[in-house]
Amino acid sequence: MGDPLERLGSDAAAGLESTMKEELCMEIDPPFRENIATAEDWRKALNKVVPAVVVLRTTAARAFDTEAAGASYATGFVVDKRRGIILTNRHVVKPGPVVAEAMFVNREEIPVHPIYRDPVHDFGFFRYDPDAIQFLSYEEIPLAPEAACVGLEIRVVGNDSGEKVSILAGTLARLDRDAPHYKKDGYNDFNTFYLQAASGTKGGSSGSPVIDWQGRAVALNAGSKSSTASAFFLPLERVVRALKLLQKGRDAVVNRWGAITIPRGTLQVTFVHKGFDETRRLGLQSETQQMVRHASPPGETGMLVVDSVVPGGPAHKHLEPGDILIRINGEVITQFLKMEILLDDRVDQKIDLQIERGGTSLNVELIVQDLHSITPDYFLEVSGAVIHPLSYQQARNFRFHCGVVYVTEPGYMLFRAGVPRHAIIKKFAGEEISRLDDLIAVLSKLSRGARVPLEYISYMDRHRRKSVLVTVDRHEWYAPPQIYKRDDSTGLWTAKPALPPQSPLLASNYSFAPPTVLSGGTCESSPTPMERIHHGNNQDLTDGVTYMDTNYESDVGSKRRKVEEESSSDGTVIADSSLHEPTEENSRPTANANLIDYKGSPAAAANASLAERVIEPTLVMLEVHVPPSCMIDGVHSQHFFGTGVIVYHSQSMGLVAVDKNTVAISVSDVMLSFAAFPVEIPGEVVFLHPVHNFALVAYDPSGLGAVGASAVRAAQLLPEPGLCRGDAVYLVGLSRSLQATSRKSVVTNPCAALNIGSADCPRYRATNMEVIELDTDFGSTFSGVLTDEQGRVQAIWGSFSTQLKYGGSASEDHQFVRGIPVYAISQVLEKISCGTDGPALLINGIKRSMPLVRILEVELYPTLLSKARSFGLSDDWVQALVKKDPTRRQVLRVKGCLAGSKAENLLEQGDMVLAIDKEPITCFRDIEDACQALDKHGGVDELTMTIFRQGREMELVVGTDVRAGNGTARVINWCGSIVQDPHPAVRALGFLPEEGHGVYVARWCHGSPAHRYGLYALQWIVEINGNPTPDLDHFVNVTKELEHGEFVRVRTVHLNGKPRVLTLKQDLHYWPMWELRFDPDTAIWRRRTIKELDSLQYLRIF
């Protein structure tokens, strides 16, 4: 059975009445027929059947209707060899886009294409080219629904639990089981009986033939109930009808398949079969029961009763639950099959129904609706969302009108606004939405970055509309909106643009003010000069060596970082804060007069501390969303919350500092809410420090308005002197309701060294950092800033991400908060304000040079000098290090070098770093200062280091690396795998493949070839068809030459060093190759299609 919908859970009985019916079923079913088959008969039958049974490997390229995107395997069997028709389940064929292959028993694999999936019943057909089978002799399996009877010995032949061929024996026990109920919000069959047998089929056996001893298929395996080892089989009567119509339609067209229509009628009513005892309780008259018993076949035990009616359907307001069906067009109807024959033969015609309601006989005239007309065959894809008219299947589940605008998959834009799966869109941008065309018309008028309201309802809370604010993607995270339409002649879904060419949403250019280029070394002239930042080379800290290890195995539960993709709760990320004094711009009389009238500042309360009153106007709440298509650098969630602090504010630019557990990557959308003024504006990530746990987010002060720009201000940073043990500090932060809160505390450890282990999926982790610990535990989520009594920021109380390990392979994401000294932020701010020789970046229409950071790419950890002496470190060096830093009394040791760094192969694990340029080294900042000194000298990028290795003191010349703060700026999607350059967290593991390490698989997409063939994350692609791919450019040059449908040989190397070769079939139709690059000239992420299947190629294939 191909996906989770087939795997039944506990199929609870519907009360005592249902239980009694199941106990009586063996007595009322047709009489047992003696089984005379021998073992030889079964052997002959199986020899004939097995070659015609195929393993179906299906990939649902998009979520649609009742099905999610994904890859699965199932079973099918040949029912027409000459025409090439395979029968399987509907949930295998899928209602939406699907790519599938069939593998025969001799391992011949051929592509198959869907030609029909029933809108209600669980069966569908694939077609294949019979001439493609060259090495196997097989025959089609005949369908014999009339052979099914209670007591019939059967065999289920198929791909069970991933086995190549599995044969399970059983005996038919029931012919009138209710259709199984799989999911309340997914596919369910109805208006039919099912067959049941005690044959414990499992995943992969969906679509298997249920055969008798003569090799005939008497039913189609559909589902199972694991708790009772029962299997459910679909009767074949309607399958036989559909097959005959397909055969007839195929013969009517020469040399190709055309779109074949199979008439299906519906009243949008679900009936259930209830015994006469229950119908009597519902009010059935004795005379009617007597008449029905005489008119029905012998052994009939009940009648059809209305269970539910879909709103807006033909029977709405005419039929009600509990109505008992007596006749249709004068003919007594007690069985589903007979009713369905009448409906299918009278599509778009009137029929007369006789029912009894509470003992009263009623006649109703209804029009039979075309079932295919309420089964969607197209959808809109926008920003990763899949939206289409609500199908009959889901309308029945949710009791909504068919055809309303339904969200199968919210994608990014809608998820960001809080629109869930299964939502019904009612209003968008002030326009009522009743059809998908209405939604498209509104989209065509919107521009990028627009924020418009949307109203929706959900089946979970159907009586209340919910209103959210949708932000149209400003960056080109996704392709432009497209309409996919099913083409029944090819089995593919063809895409076309959903919006007219003149639509603002399709505009590729964005208007900015003419850029002003700031030359390196010249400070920006602005109305608000940034306060000068003072820093020194050394900090006089007054505590001993501490070592905080967060990578431990624990049996004790801890608060995890609640940034799940489906929800945002109070435990999400909270970040840090910082401070600047009010400036001349902030104290202009006009703006300040307006500010007096604004009473929204909670810190204005008389009982608030001075620090809280000073800091509150500088605090910002950040909400960060990461597009699913761009979850790179190991980022572990789509949604983050955190507190930041304004560290720079002028007329042209504002900068907010926040921890990297809130803003983890630059590929994200950031919204800022200010504590000082009720406004929400977008921000852009402009700097991610390669080592320290902070990022800078820029905003446009003009978006605040005149009053808002005056209300907010930058925090005053106080990097020196550093905090010491025993110092009193104020922790000031924001609640989720933007209320400022302050708490007084005492520093217990100003220099605790972090030791955060690598996560299962490598992501940023703070290394080579000392943090500040307080005497009070404020929880793992509250963050803000640490200030003195005057509100000057001495540290950011920021969030750190780690992963706790629990025995075996179990792990749990966890967060904790610690103080981050602000000296590194001050250094970066000074470079930004005064200009550097770094790369230019457009910020609010002005080009600014962003700083480069010189670092020693080595992970270090402190060791107490008492331990170092045991390793053989001389007394002279011990005394020199104690003299340099009498409080720490430590030496730094090498934990490992980042792969690909200049220090690699020079420094070794366990080396003790004693001095740089003869100057003793005792803490991480000493090394940072030495690296910065190289920049001042110019032309020198190497450090002369004195180290102690295995009992010997030696000097080494070690190169340093220069890193930008823009993070990963290029992403490529190939066959659904998201590849990038290896990010620092990967290189920190100390390994890069020798064959090439520039193409690292960061993620993969559901329903893609990468999903189908197992090209998963955490590995490098080193070769494509024998061609080396050492970097992204070589990778693009090799892959763009590959054709649609071509099998590709991919050589990979895993993070653990294990090489692997896999094959993958390229699909350019549903998964074109594209890249996403950051354009610093426009500050926009641009999407470019590298290769796709054009219309001419599509026509040549079919």
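Right, let's walk through the structure included here. The shown structure was predicted, so the numbers you read here are calculated from the model rather than taken from an experiment. (Residues numbered from 1 in each chain as written. Predicted model: local features only at pLDDT ≥ 70, side-chain atom pairs only at ≥ 80, totals over all residues. Heavy atoms only, no water.)

1. Describing the overall build of the chain
Here is step 1: Looking only at helices and strands, the chain features 21 helices and 62 strands.
Here is step 2: Counting only residues that meet the buried cut, the chain has 59% of its 1102 residues in that class.
Here is step 3: Of all intrachain contacts in the chain linking residues separated by at least 6 positions in sequence, the fraction that spans at least 24 positions is 70%. (Helix = DSSP H or I, 4+ residues; strand = E, 2+ residues; numbered from the N terminus. Buried < 20%, exposed > 50% of the residue type's maximum accessible area, 1.4 Å probe, protein only. Contact = heavy atoms within 4.5 Å.)

2. Looking at the sheet that holds strand β6 (residues 109-117)
Here is step 1: Spatial ordering of the closed barrel is given by β2-β3-β4-β7-β6-β5, a layout of 6 strands whose pairing is antiparallel. Neighbouring strand axes in the sheet, compared pairwise and without regard to direction, differ in orientation by 40 degrees on average.
Here is step 2: Where helix α4 (residues 237-251) meets the sheet, it contacts β3 (70-80), β4 (85-88), β6 and β7 (124-127), and its direction lies at approximately 35 degrees from that of β7. (Pairing = 2+ DSSP bridges. Axes fitted to C-alpha atoms, helices over the stretch in contact; angles between N-to-C directions.)

3. A word on helix α17 (residues 924-937)
Side chains of residues three or four places apart in an α-helix project in the same direction, reflecting 3.6 residues per turn.
Here is step 1: The terminal C-alpha atoms of α17, which comprises 14 residues, lie 21 Å apart, in line with the 20 Å expected from a rise of 1.5 Å per residue.
Here is step 2: By the burial criterion, the buried members of α17 are Phe924, Arg925, Asp926, Ile927, Glu928, Asp929, Ala930, Cys931 and Leu934. (Expected span 1.5 Å × (residues − 1).)

4. Some details on the environment of Ala60
Here is step 1: Within the element layout of this structure, Ala60 appears in strand β2 (residues 53-60).
Here is step 2: Taking the C-alpha atoms as reference points, Ala60 and Gly70, separated by 10 residues in sequence, lie 5.2 Å from one another.
Here is step 3: When near neighbours in sequence (up to four residues on either side) are disregarded, Ala60 contacts Ala68, Ala69, Gly70, Lys94, Pro97, Val98 and Gly1007.

5. Remarks on the state of the cysteines
Defined simply, a disulfide is a covalent bond joining two cysteines at their sulfur atoms.
Here is step 1: Following the criterion strictly, the structure yields 0 disulfides and no others.
Here is step 2: The cysteine Cys923 is free of any disulfide, with Cys751 supplying the nearest cysteine sulfur at 8.5 Å.
Here is step 3: Judged by relative accessible area, which is 8%, Cys923 ranks as buried. (Disulfide = S-S within 2.5 Å.)

6. A word on the sheet that holds strand β36 (residues 680-688)
Here is step 1: With antiparallel pairing, the 6 strands of this closed barrel are ordered in space as β32-β33-β34-β37-β36-β35. Neighbour-to-neighbour, the strand axes of this sheet turn through a mean angle of 40 degrees, independent of strand direction.
Here is step 2: As defined by bridge partners, β36 adjoins strand β37 (residues 695-699) across 5 bridges and the pair is classed as antiparallel. In the sheet register, Phe687 faces β37, and the bridge partner there is Leu696.

7. Some points on the packing of aromatic side chains
Remark: the centre distance and the inter-plane angle together describe each pair of aromatic rings, the angle taken between the planes.
Here is step 1: Summed over all chains, the structure comprises 23 aromatic pairs.
Here is step 2: A ring pair is formed by Phe398 and Tyr406, whose centres lie 6.2 Å apart and whose planes are at 45 degrees; its orientation type is tilted. Tyr406 carries the same exposure label as Phe398, and that label is buried.
Here is step 3: Between Phe800 and Phe816, the ring centres sit 5.3 Å apart and the planes meet at 5 degrees, which makes this aromatic pair stacked. Separated by 16 residues along the polypeptide, Phe800 in strand β42 (residues 793-806) and Phe816 in strand β43 (residues 810-821) bring together distant segments of the chain. The same class applies to Phe800 as to Phe816, namely buried. (Phe/Tyr/Trp six-rings, centres within 6.5 Å; stacked < 30°, edge-to-face > 60°.)

8. Considerations on the nonpolar core
Here is step 1: Phe77, Leu87, Phe104, Phe123, Phe125, Tyr128 and Leu143 are the most contacted members of the largest nonpolar core, which has 53 residues in total.
Here is step 2: When residues of this core are assigned to their parent elements, the largest contribution, 5 residues, is made by α4.
Here is step 3: Core analysis: the next-biggest nonpolar cluster, separate from the first, contains 50 residues, Cys630, Leu688, Ala714 and Tyr1070 among them. (Core = buried A, V, L, I, M, F, W, Y, C linked by side-chain atoms within 4.5 Å.)

9. Details of helix α2 (residues 39-49)
Here is step 1: Where α2 is concerned, the buried positions are Trp42, Ala45, Leu46 and Val49. Seen from one end, α2 has its buried residues packed into an arc of 95 degrees, which puts them on one side.
Here is step 2: Contacts from the buried residues of α2 go to β2, β8 (153-158), β9 (166-178) and β11 (209-211). (Arc of directions from axis to C-beta.)

10. Brief notes about the side chain of Ser444
Here is step 1: The residue Ser444 is located in the loop between α10 (436-443) and β27 (451-458) in this model.
Here is step 2: Ser444 gets classed as buried once you look at its relative accessible area, which sits at 17%.
Here is step 3: The contact partners of Ser444, leaving out residues within four places of it in the chain, are Leu499, Pro500, Ser503 and Pro504.

11. Observations regarding the packing of α4 against helix α7 (residues 336-344)
Here is step 1: It is at 11 Å that the axes of α4 and α7 come closest, and there the two elements cross at 25 degrees. Considered as vectors, α4 and α7 are oriented roughly parallel to each other. Each of Glu237, Arg238 and Arg241 in α4 lies in contact with α7, whose residues at this interface are Leu337, Glu340, Ile341 and Asp344.
Here is step 2: Counted by class, the contact of α4 with α7 contains 2 nonpolar, no polar and 5 charged residues. (Parallel < 35°, antiparallel > 145°, perpendicular 65-115°, else oblique. Nonpolar A, V, L, I, M, F, W, Y, C, P; charged D, E, K, R; others polar.)

12. Some words on the environment of Ile387
Here is step 1: Looking at the element boundaries, Ile387 is found in strand β23 (residues 385-389).
Here is step 2: Those residues in contact with Ile387 that lie beyond four places of it in its chain are Phe379, Leu380, Val382, Val405, Tyr406, Val407, Leu414, Ile425, Leu436 and Leu439.

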